[in-house]
Amino acid sequence: MQTNAYSMGRTEWIMLLSLSLLWGFSFINIKNSLTEIPPFSLVFIRLWIAFSALYLWCIISKKSLKLSFKEHFLLAIGGLIGCAIPFCLYTWGQQYVATSIGAIFNATVPFFTALLAHVFIGGRETMTTRKAIGLSIGMLGMIFVMGIDQLSTFNPGNLGQLAIICACLFYSCSGIYYQKFIPGKIDKSVATAYTLFWAAIAMSIVSVSIDGWPSFDYSANVWLSVSILGLFSTALAYIILFRLLQRAGPSNTSLNTFLIPVVGIVVGVVLLDETLDSTDLIGVAFIFIGVAIIQNFGKLIARLFRKKTNKLS
């Protein structure tokens, strides 16, 4: 799809900022929920809340919910790759990693996507010199954030960071998987609702096996965080994402790659009194530069600015 086939007006910018806020604030809600809920139980509850809300949305929107066995099978695999596994890795990792650091690593998804797209899609997604340079700079940034002197150790903090990075790898895999295997005729909301359903089924087995059956005897504050995670940061976020992709296109939507980490960092620093040392800041700069090069954000911003100027004239 070509970027210039889409537009970024006031509505699209509001949707983009809303999506970034919903996902950016998810990190602090995960952190707060983990004070009382084990990680796998948290994912279990989050997925069922999100599925219920999105399924209800599909019913209200009068979408066709009938799918074939093959389509359900493909979405079940997608649920494991895109939701159950990365949600578990991210949530488990955030037990040992600061909110702001977790948000920073979220920006690494384009690095893995560039590699996987080159291997499994090819064509227009083949690795180019520009992408290779961006990937190298971004990977260097990841090393700075993890801590160069900590690479040889395996303390809980490092394992938490590795878990979150692996989660980003699975997010990238899910994007490639959906592009190659999920039929385009399936409504995106319906596809996501069933993806969440099968992910929730899988997590029901995993959560009960590892953490036992959830007690559900949590404080109001924790229930608020879990509800926000399921209803807003998952169900509502996906609805906005679908609309934004349709109205603004994938290239413009990819601007949230920058915005989500920024929101997460601000939330961590302002609300949780977290700090980033000079090495972290250098790493953040390298990651952002790498993402900008891979996504060719300079060209995208130039197009947006040119469209804005043309409208004003």
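Residues numbered from 1 in each chain as written. Predicted model: local features only at pLDDT ≥ 70, side-chain atom pairs only at ≥ 80, totals over all residues. Heavy atoms only, no water.

(A) View of the overall build of the protein. In terms of regular secondary structure, the protein is built from 13 helices and zero strands. Along the chain direction, N to C, the helices and strands of the protein fall in the order α-α-α-α-α-α-α-α-α-α-α-α-α. Looking at the protein as a whole, 49% of its 313 residues are labelled buried. When contacts within the protein are restricted to residue pairs at least 6 apart in sequence, those whose partners lie at least 24 apart make up 90%. Here the protein has roughly 14,900 Å² of accessible surface; of this, 67% comes from carbon and sulfur atoms. (Helix = DSSP H or I, 4+ residues; strand = E, 2+ residues; numbered from the N terminus. Buried < 20%, exposed > 50% of the residue type's maximum accessible area, 1.4 Å probe, protein only. Contact = heavy atoms within 4.5 Å. Areas by Shrake-Rupley, 256 points an atom, 1.4 Å probe, with all protein chains shown as cover.)

(B) View of the nonpolar core. Ranked by size, the top nonpolar core spans 51 residues in total, and within it Leu42, Leu47, Leu196, Met203 and Val226 carry the most contacts. Excluding anything up to four places from it in sequence, leucine 47 contacts Cys83, Phe87, Leu196, Ala199, Ala200 and Met203. Counting residues in each nonpolar core, the second largest holds 29 residues, with Ala107, Ile165, Ile260 and Val291 among its members. (Core = buried A, V, L, I, M, F, W, Y, C linked by side-chain atoms within 4.5 Å.)

(C) Main features of helix 3 (residues 39-60). With 22 residues, helix 3 should reach 32 Å at 1.5 Å per residue; the first-to-last C-alpha distance of 32 Å fits that figure. A positive phi of about 60° marks lysine 62, the residue just after helix 3. (Expected span 1.5 Å × (residues − 1).)

(D) Structural context of the packing of aromatic side chains. Counted according to the given criterion, the structure contains 16 aromatic pairs. Here tryptophan 48 and phenylalanine 197 contribute two aromatic rings whose centre-to-centre distance is 6.1 Å and whose plane-to-plane angle is 85°, an arrangement assigned as edge-to-face. Of the two residues, tryptophan 48 is situated in helix 3 and phenylalanine 197 in helix 9 (residues 188-210); the sequence distance between them amounts to 149 residues. With relative accessibility at 26%, the residue tryptophan 48 sits in the partly exposed group. Given a relative accessible area of 22%, phenylalanine 197 falls into the partly exposed group. Arranged with centres 6.5 Å apart and planes meeting at 70°, the rings of tryptophan 213 and phenylalanine 216 form a pair that is edge-to-face. We classify tryptophan 213 as exposed; its relative accessible area is 60%. In this structure an aromatic cluster arises from ring pairing among Trp48, Phe51, Tyr55, Tyr194, Phe197 and Trp198. The aromatic ring of phenylalanine 87 is capped on one face by arginine 46, whose charged end is 4.2 Å from the ring centroid. (Phe/Tyr/Trp six-rings, centres within 6.5 Å; stacked < 30°, edge-to-face > 60°. Lys NZ or Arg CZ within 6 Å of the ring centre and 35° of its normal.)

(E) Fine view of the pattern of salt bridges. Going through the model one piece at a time under the given rule, you end up with two salt bridges. A salt bridge links lysine 63 to aspartate 187; the nearest nitrogen and oxygen atoms lie 3.3 Å apart. In this pair, lysine 63 is assigned in the loop between helix 3 and helix 4 (69-93) and aspartate 187 in the loop between helix 8 (156-181) and helix 9, connecting sequence segments 124 residues apart. Put simply, lysine 185 and glutamate 71 hold a salt bridge, and the shortest N to O gap is 3.7 Å. Taken together, the positions of lysine 185 in the loop between helix 8 and helix 9 and glutamate 71 in helix 4 put the pair 114 residues apart, joining distant regions of the chain. (Salt bridge = Lys/Arg side-chain N within 4 Å of Asp/Glu carboxyl O.)

(F) Looking closely at helix 9. Across its 23 residues, helix 9 extends 32 Å between first and last C-alpha, which sits within 8% of the 33 Å expected from 1.5 Å per residue. A positive phi of about 85° marks glycine 212, the residue just after helix 9.

(G) Summary view of the side chain of serine 26. Checked against the element boundaries, serine 26 lands in helix 2 (residues 26-33). When near neighbours in sequence (up to four residues on either side) are disregarded, serine 26 contacts Leu229 and Ser233.

(H) The environment of threonine 129, seen in detail. One can find threonine 129 in helix 7 (residues 129-146). When the C-alpha positions of threonine 129 and isoleucine 294 are compared, they lie 9.7 Å apart, and in sequence the two are 165 residues distant.

(I) Quick look at the confidence of the model for the protein. On average, residues of the protein carry a pLDDT of 84, and 87% of them reach 70 or more. When mean pLDDT is taken per element in the protein, helix 3 scores highest with 96 and helix 13 (residues 297-312) scores lowest with 59. (pLDDT = per-residue confidence, 0-100.)

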